[in-house]
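Examination of the molecular architecture
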Amino acid sequence: MCRNIRPLNNFEPPATSNEVHDAALQYVRKIAGTSKPSKANEAAFERAVHDIAHATEHLLEALVSSAPPKNRDEEAAKARARSAARFATA
């Protein structure tokens, strides 16, 4: 479930609110053990996603890096190459 959570720090352009929300949603799904909460738990689930996304945005704003910002396209290409090598059929 959490394989969709990607590093969000030190990218140019910075992570969007949607990316932060998606990472928070995946985290809450993993912790809750479900991808869709029951009606009784829906408010708590959504509140947790909101709170974690909010904390994540503050974290990303506060982090400092001496490394140059990473390029999203280059990182995506590296990930595709790793995946192709990992799942290559013999």
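Going by the structure above, here's the rest.
Below or above, wherever it landed, is the structure these notes cover.

Rules of the game
- Residues numbered from 1 in each chain as written.
- Predicted model: local features only at pLDDT ≥ 70, side-chain atom pairs only at ≥ 80, totals over all residues.
- Heavy atoms only, no water.
- Helix = DSSP H or I, 4+ residues; strand = E, 2+ residues; numbered from the N terminus.
- Rg over C-alpha atoms; globule rule 2.2 N^0.38 Å.
- Buried < 20%, exposed > 50% of the residue type's maximum accessible area, 1.4 Å probe, protein only.
- Contact = heavy atoms within 4.5 Å.
- Areas by Shrake-Rupley, 256 points an atom, 1.4 Å probe, with all protein chains shown as cover.
- Expected span 1.5 Å × (residues − 1).
- Polar contact = N/O pair within 3.5 Å; in protein donor to acceptor, adjacent residues only side chain to side chain.
- Core = buried A, V, L, I, M, F, W, Y, C linked by side-chain atoms within 4.5 Å.

Digging into the overall build of the protein
On a plain count of helices and strands, the protein comes out with three helices and two strands. Reading the helices (α) and strands (β) of the protein from amino to carboxyl end gives β-α-α-β-α. Taken over C-alpha atoms, the radius of gyration comes to 16 Å for the protein, far larger than the 12 Å a tight globule of 90 residues would show. Its C-alpha atoms give the protein principal-axis dimensions of about 45 × 40 × 15 Å. Taking all 90 residues of the protein together, 14% fall into the buried category. Residue pairs at least 24 apart in sequence account for 68% of intrachain contacts in the protein once pairs closer than 6 positions are excluded. Carbon and sulfur atoms make up 55% of the accessible area of the protein, which totals about 7000 Å².

Some words on helix H1 (residues 17-32)
For H1, with 16 residues, the first-to-last C-alpha span of 22 Å sits near the 22 Å given by 1.5 Å per residue. Of the residues making up H1, those classed as buried are Val20, Ala23, Ala24, Leu25, Gln26 and Val28. In the segment just after H1, Gly33 is the residue with positive phi, at about 80°.

With respect to the side chain of Asn10
As for its placement among the helices and strands, Asn10 is situated in the segment before strand S1 (11-12). For Asn10, the side chain forms a polar contact with the main-chain oxygen of Ala67, separated by 3.4 Å. From its side chain, Asn10 meets the backbone oxygen of Pro68 in a polar contact 3.2 Å long. Setting aside its immediate chain neighbours within four residues, Asn10 contacts Ser65, Ala67, Pro68, Pro69 and Lys70.

Regarding the nonpolar core
Core analysis: the biggest nonpolar cluster contains nine residues, these being Leu8, Val20, Ala23, Ala24, Leu25, Val28, Phe45, Val49 and Ala53. For this core, the secondary-structure elements that each account for two or more residues are H1 and helix H2 (42-62). Take this core: its biggest share by element is five residues, from H1. Once residues lying within four places of it in the same chain are set aside, the contact partners of Val20 are Leu8, Ala15, Ala53, Thr56, Glu57 and Leu60.

Re unusual backbone geometry
The peptide bond linking Glu12 to Pro13 adopts the cis configuration, its omega dihedral lying at 0°. With respect to the helices and strands, the residue Pro13 is situated in the loop between S1 and H1. One non-glycine residue with positive phi stands out, namely Asn10, at about 65°. Taking the relative accessible area as the measure of exposure, Asn10 reaches 18% and is therefore buried.

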